[in-house]
Structure formats: C-alpha cells, structure tokens
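Each chain, letter by letter, is given below.
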Amino acid sequence: MPKEYKNEYQPLLAKATKDRRRPKLPNKSLLLAVCAAGIGGTFQYGYNISVINAPTAYVQDFINQTWSERYQTQISDDGLTLLWSTIVSIFTLGGLIGALIGGTLSVRVGRKGTLLTNNIFALLAALLMGLSYPTGLFELLIIGRFISGLNAGIAICVQPLYLGEIAPTSLRGAMGMGTSIFITGGIFTGQVIGLRELLGKEEYWPILLSTTCIPAFLQLLILPWFPESPRYLLIDKGDEEGCKKALKQLHGIGDCDSEQEDIEKERNSLSGLQAKKPWELFADRSLRWQVLTIMVLNAAQQLNGINAIYFYAGYVFKQSGIPSDKIPYATVGTGACECITALTCGMLIDRLGRKVLIMGGYTLMAICCVLFTLTLTFQEASPVVPYLSMVCVFAFILSFGLGPGGVTNILTTELFTQNSRPAAYMLAGSVNWSSFFFIGLVFPFIVLGLKQYCFLVFLVICCLVIIYIFLVVPETKNKTFLEIQNEFQSSKKRQIGCSDGAGTILLSTSI
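Residues numbered from 1 in each chain as written. Predicted model: local features only at pLDDT ≥ 70, side-chain atom pairs only at ≥ 80, totals over all residues. Heavy atoms only, no water.

### As for the overall build of the protein chain
Applied cut-off: In this description a helix means any DSSP run of H or I spanning at least four residues, a strand means any run of E spanning at least two, and both kinds are numbered starting from the N terminus. For every residue, the accessible area obtained with a 1.4 Å probe (protein chains only) is divided by the maximum for its type, and the residue is called buried under 20%, exposed over 50%, and partly exposed between those limits. Throughout, a residue-residue contact means that at least one pair of heavy atoms, one from each residue, lies within 4.5 Å. Note that accessible areas follow from Shrake-Rupley with a 1.4 Å probe, and for residues the cover is restricted to the protein chains shown.
Check the secondary structure of the protein chain and you find 24 helices and zero strands. For the protein chain, the proportion of its 511 residues judged to be buried stands at 55%. Residue pairs in contact within the protein chain that sit at least 24 positions apart in sequence constitute 82% of those at least 6 positions apart. For the protein chain, the exposed area adds up to about 22200 Å²; of that, 67% sits on carbon and sulfur atoms.

### Topic: the packing of aromatic side chains
The cut-off we apply is this: Aromatic pairing here means that ring centres of Phe, Tyr or Trp (its six-membered ring) are within 6.5 Å. Orientation follows from the plane angle: under 30 degrees is stacked, over 60 is edge-to-face, and everything else is tilted.
Taken as a whole and assessed by the stated rule, the structure comprises eleven aromatic pairs. Between Phe-43 and Tyr-47, the aromatic rings sit 6.0 Å apart at their centres with planes inclined by 15 degrees, giving stacked as the arrangement. With Phe-43 and Tyr-47 both in helix α3 (residues 42–51) and four residues apart, the pair spans about one turn of that helix. Of the residues examined, Phe-43 reaches a relative accessible area of 10% and is grouped as buried.

### Some details on the nonpolar core
In plain terms, the rule: To qualify as a nonpolar core, a set must consist of buried Ala, Val, Leu, Ile, Met, Phe, Trp, Tyr and Cys residues joined through side-chain atoms within 4.5 Å.
Tyr-362, Phe-372, Phe-455, Phe-458 and Ile-469 are the most contacted members of the largest nonpolar core, which has 53 residues in total. Listed by contribution, the elements that provide at least two residues to this core are α16 (288–303), α17 (306–319), α18 (327–352), α19 (354–377), α20 (385–402), α21 (404–414), α22 (421–450) and α23 (454–472). The next biggest cluster of nonpolar side chains, apart from the first, holds 50 residues, and it includes Val-59, Leu-115, Leu-223 and Leu-250.

### With respect to the pattern of salt bridges
Let me state the cut-off plainly: Should a side-chain nitrogen of Lys or Arg be within 4 Å of a carboxyl oxygen of Asp or Glu, the pair is scored as a salt bridge.
Per the counting criterion, the structure on display carries nine salt bridges. As a salt-bridge pair, Arg-172 and Glu-414 come within 2.9 Å of each other at their nearest N and O atoms. With a gap of 242 residues between them, Arg-172 in helix α8 (residues 172–176) and Glu-414 in helix α21 connect regions that are remote in the sequence. Of the two residues, Arg-172 and Glu-414, both sit in the buried class. Residue Arg-354 pairs with Glu-414 through a salt bridge whose shortest N-O separation is 2.6 Å. In this pair, Arg-354 sits in helix α19 while Glu-414 sits in helix α21, placing the two residues 60 residues apart along the sequence. Taken together, the salt bridges that share partners define one network made up of Arg-172, Asp-350, Arg-354 and Glu-414.

### Looking at unusual backbone geometry
Unusually for a residue other than glycine, Gln-72 sits at a positive phi of about 55 degrees. For Gln-72, the location among the structural elements is in the loop between α4 (56–71) and α5 (77–108).

### A few points about the environment of Gln-191
On the secondary structure map, Gln-191 appears in helix α9 (residues 178–193). When the C-alpha positions of Gln-191 and Ser-50 are compared, they lie 6.0 Å apart, and in sequence the two are 141 residues distant. With residues up to four places along the chain from it excluded, the contact list for Gln-191 reads Ser-50, Thr-331, Val-332, Thr-334 and Gly-335.

### Details of the packing of α5 against α22
This is how the line gets drawn: An axis is simply a line fitted to the C-alpha atoms; with a helix, the fit covers only the stretch in contact. Between two such axes, the angle follows the N-to-C directions and lies from 0 to 180 degrees. When an angle is under 35 degrees it counts as roughly parallel; over 145 it counts as roughly antiparallel; between 65 and 115 it counts as roughly perpendicular; any other value is oblique. Any residue outside Ala, Val, Leu, Ile, Met, Phe, Trp, Tyr, Cys, Pro, Asp, Glu, Lys and Arg is labelled polar, Gly included; the first ten of those are nonpolar and the last four are charged.
α22 packs onto α5 with a crossing angle of 180 degrees between their chain directions and a minimal axis gap of 8 Å. With respect to α22, the element α5 is oriented roughly antiparallel. Where α5 approaches α22, its residues Phe-91, Thr-92, Gly-95, Leu-96, Ala-99, Leu-100, Gly-103, Thr-104, Ser-106 and Val-107 are matched on the opposing element by Pro-422, Met-426, Gly-429, Ser-430, Trp-433, Ser-434, Phe-436 and Phe-437. For the contact of α5 with α22, a count of residues per class yields ten nonpolar, eight polar and no charged.

### Notes on the side chain of Arg-231
With respect to the helices and strands, Arg-231 occurs in helix α12 (residues 230–236). Excluding anything up to four places from it in sequence, Arg-231 contacts Glu-165, Asp-236, Ile-263, Glu-266, Gln-418, Arg-421 and Phe-481.

### Some details on α20
Heads up, the condition is: In this scheme, a helix's expected span is set at 1.5 Å multiplied by one less than its residue total.
A rise of 1.5 Å per residue sets the reference length of α20, with its 18 residues, at 26 Å; its end C-alpha atoms lie 25 Å apart and thus fit the reference within 8%. When α20 is considered as a whole, its buried residues turn out to be Val-385, Pro-386, Ser-389, Met-390, Cys-392, Val-393, Phe-396, Ile-397, Ser-399, Phe-400 and Gly-401.

### Quick word on the packing of helix α2 (residues 28–39) against helix α11 (residues 213–222)
To keep it simple, the criterion reads: Rotating anticlockwise by less than a right angle from the far helix to the near helix defines a left-handed crossing, while the corresponding clockwise rotation defines a right-handed one.
With their axes 8 Å apart at the nearest point, α2 and α11 run at an angle of 145 degrees to one another. Helix-helix and strand crossings are classified by hand; for α2 and α11 the assignment is left-handed. Of α11, the residues touching α2 (which contributes Ala-36, Ala-37 and Ile-39) are Pro-215, Leu-218, Gln-219 and Ile-222. Residue composition of the contact of α2 with α11, grouped by class: six nonpolar, one polar and no charged.

### Quick look at the environment of Thr-189
For Thr-189, the position within the fold is in helix α9. Judged by relative accessible area, which is 26%, Thr-189 ranks as partly exposed. Along the sequence, Thr-189 and Ala-336 sit 147 residues apart, while their C-alpha atoms lie 9.2 Å from each other. When near neighbours in sequence (up to four residues on either side) are disregarded, Thr-189 contacts Phe-43 and Tyr-47.

### Concerning the state of the cysteines
Inclusion rule: Here, two cysteine sulfur atoms that lie within 2.5 Å of each other are counted as a disulfide.
The full count for this structure, using the stated rule, is zero disulfides. Free cysteine: Cys-369, not disulfide-bonded; nearest cysteine sulfur from Cys-462 at 4.9 Å. Here Cys-369 falls in the buried class, since its relative accessible area comes to 0%. Summary of cysteine pairing: Cys-463 is not part of a disulfide, and the nearest cysteine sulfur, belonging to Cys-462, is at 6.9 Å.

### Here we look at a nonpolar patch on the surface
Where we set the bar: Each patch is built from salt-bridge-free residues with over 30% relative accessible area, joining like charges within 9 Å and nonpolar side chains (Val, Leu, Ile, Met, Phe, Trp, Tyr) within 5 Å.
Together, Leu-364, Ile-367, Val-370, Leu-371, Leu-374 and Phe-378 make up a nonpolar patch on the protein surface, roughly 510 Å² of accessible area in all. By the secondary structure assignment, Leu-371 is in helix α19. For Leu-371, a relative accessible area of 40% gives the class partly exposed.

### Quick word on the side chain of Asn-419
Structurally, Asn-419 is set in the loop between α21 and α22. Filtering out sequence-adjacent residues up to four positions away, Asn-419 remains in contact with Leu-270, Leu-273, Gln-274, Ala-275 and Lys-276.

### Considering α18
Filter applied, for reference: Note that bend, as reported per residue, equals the angle between axes fitted to the 7 residues terminating at that residue and the 7 residues originating from it.
Between the first and last C-alpha of α18 there are 36 Å, a value that for 26 residues agrees with the 38 Å anticipated at 1.5 Å per step. The sharpest bend along α18 reaches about 30 degrees and sits at Gly-346. Downstream of α18 by one or two residues, Gly-353 has phi in the positive range, about 100 degrees.

### Some details on the confidence of the model for the protein chain
Heads up, the condition is: Confidence of the prediction at every residue is given by pLDDT, a number between 0 and 100.
When the pLDDT values of the protein chain are averaged, the result is 83; 89% of them are 70 or greater. The least confident element of the protein chain is helix α1 (residues 3–21), whose mean pLDDT is 45; the most confident is α11, at 95. Here residues 1–20 scores under 50 on pLDDT; set against residues more than four positions off or in separate chains, the count is five contacts. Taken as a whole, residues 498–511 scores under 50 in pLDDT and shows 27 contacts with residues more than four places along the chain or in a different chain.

Put into structure tokens, the structure is as follows:
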C-alpha cells in the first residue's frame, strides 16, 4: 500500500480499534460463565472466612464436652483456645498450599478443569465437618478446615485466571471483578446463614459448617456447560477450532474474530516458550517490576488495616448503643456494604481505569485511618463520637472494596502474558496468604501495644502503596496483554535507562 494511502487510512484503523475496545454489554453466555466459575470458586473463600464466626461458642462447647468424655477431665482454657485457634487458622495454611499448586494444575488440566476438580476438596471438607459432631471427633473439624483452605487457595488462584482469559479486552476489568464480587457475596451469605433465625442455633452448627457442599454441587452442575479458556486452548494446547468455538459461545459470532486475532498475536510472540515456574519469574529481568508490583499489592491487600477494622467493628457498634444480641445484624451490614462496593467497582473499572480506582481506594483508606484514630481516642468526649466511629468503619470498608479489594487480582492477570500468568498467580497467592497469616498472628500484639494508634501503622502502609502505584504501575484499561507488557517495560526503561538513550520496548529492565 502506498505511503500516502496508508497515512490516510491510519485514523480509520485507529478508530476501528478504539470502537472495538469500547465497553459493551457482555454476552449472556459470558455472564453465566462468570457466575458458574464464581459460585464454586472465590464464593467458597468468602463463605468459609465468615461462616466460622457464628458457631464459635457452640464449637468450643463441643470440644469441651468431647475432651471431658474422652479423658474424664476438663480441658484447660489455654488448651481450648489453642484448639479453636488451630481450627480457625489452619484454613490459612491450606490456602497457602492451595495457591502453590493452583497454577500448576491450571496448566496441566486447564482453568475450567482445575475449578471443577477443586470441588472434590469442598465436598470432602463439608463431609468431614458435618460428621465431626455425630462421631465425637473434633479433629475432623481441623482436617475439614484445612481442606476448605486448600479449596479456597486453588480457587482464588485459578478463578481470576479463568475470568481474565475468557473476557474480551473491553470488558476484562468488569468480568475480572467477578472474583471480588463473589468473595464479598460469600462473606455476606455466611453472615446471613449464621444468624439465629437460620442456622445460627446450637443444634444446627454441624449443618452450618457442611453447607459448603452446596456451592460445590452448583458449580459441578453449571460450569461443564461452558467452554475452557480460549487463550488456554489456543496458546497452551494449540486447539484453534476449540478456541474459535469457545469465543463464539462467550463473545458472540460478531466479536470473536478480533479477539482470536489478539490471542494469535500473543501466541506468536510466545512461540517456543514454556510455562514459567514461580522461581523463574525472579530470574527474568524483563518481569522484575511486574513481580515486585504483584508482591507489593498482594501484601498490602492484607496489611492495609481491613482486618483491624473488622476487629474493632464489634466494639464500635457496642459503643454506639447497639445491643450485644443485635451486633451480628450490624455485622451483616458490613458484608452488604462490601457487596455493594464490589458491584459499583465492577461498573466503574472499565470507565475510570484500574490505577484511578486503586489509588483512590488507598487514599480514602488513609484518610479513614486518621479519622478512626481520632474518633477512638476521643470516644468519651461526646455522645456523637461513637457514631462517627461507626461511619469510619463503613467508609473504610467501602474504600477497600472500591479499589484494593477488587483491582489487585485484575492487575495480576493483566501484567503478565500467558506463559508467566499461572506462575504469577501462584506467587501472588503465596504472598497474599502469608500476609493473611502474618497479620492474624501479629495483629493482636499490635493492638495490645498501640491500641487505637495501630491505625497509624496502616496509614503509613496505605501512603507507601499510593506512592508506589503512582510511580510504577501503568494504566491497563482497554489494552491487550502484549500492549500492557510493552508499556510496562517501556516506562521502566525510560525511568532507569534514559541516560544511555535506550528506547527499545522489549529490552530487559532491572530494579
């Protein structure tokens, strides 16, 4: 084509590309696939986090009674606390192991195949926890919680991978928010089911803990009707027909060609490359900044103070005059608040962009840390102050859901290409679960030492993350995975190597 004609048609080509990437309404099949993946995926993670809170006193009574019948003596308070802490915290250990194996499974049996296989763990955990009371074996609760953690760790690693790969470029943010929406939906559902009016009574606690089988059965019934990830089919398996068929089902006949073209470009750029292992990410100098970014963001997701807010929520509600027996209903309000925010973030993310939302979320959280410290310090100064504290609780949760709660997982998908994405999720999941365990272990001592001033520690963390995102993380909205990789590396090259005039996009960078 002559140069003058090429220049003439360049704006038309650019406009066509822009129109193709403009957010549209998702295909019905795509929405149902997201729901099918989420109900047995990260929904289980959220559900298992919250459902264990309601039967705390009943499970402790069961352990006490079982110990007494087995050993003809009462268990000590320290022993009871140790066993209960083990039941709660071993979920985190299972999650860490699940995150470590989730990426490998997603490469070997596929994203959809891993999600379906993962339900075996959910069903086994439900069976063991349901049998603990009739058999008089509290050890089954420990094993069941560990297996539930295994299920959650695999789900939170593989589900975002699947959602990010089945969504078209223009809807990748909104569809990726399905991970956060189903986590918050699981938390909210666990809180509601745990109310006394439903399964929160003493005689129902074994049934309550075994209800994790319901989402597993639903996913086993629904997900098989939807295709495997098109990217996995074409890039990992070389199945062009399977990829085209999957794209037609998920995106519709009219939009599948352009998406297949993007996938083929990525396949050509990765030709001859094998799927990376997590430790190989550290050796690849071209991925150093992406790896550092997901480690920072996933650690910050647990260390930003959200767990502290939930710790103080009960105290704040009590100080605000809410009766003790009504506090669980106020706690359900926090779960509903998270759900609403996750849905709002899903509607905004492809319009405002990832960077704006995550920076905005951390900025609002930093402001809430300051205000919450002040309201807790001057709690007795005025009858109005406890209500201001309650506003801070909900504002902090809203801010978390608006940015860090949802965007972090999406960025893990977008900053890596197909051969390194599963390893990136294994690394991100490991950091996230390790940070979850660390904050659970250390936070009681932080509160003991600093009391309400512990939120100043979280203020510093939020501010440091804001600075890091501003300086390092590029906007990824409406860009293909290859474009994101090129921009990420190009921007780092300009920051680090501009003095020697290097400007080639795909050259290696260093920290």
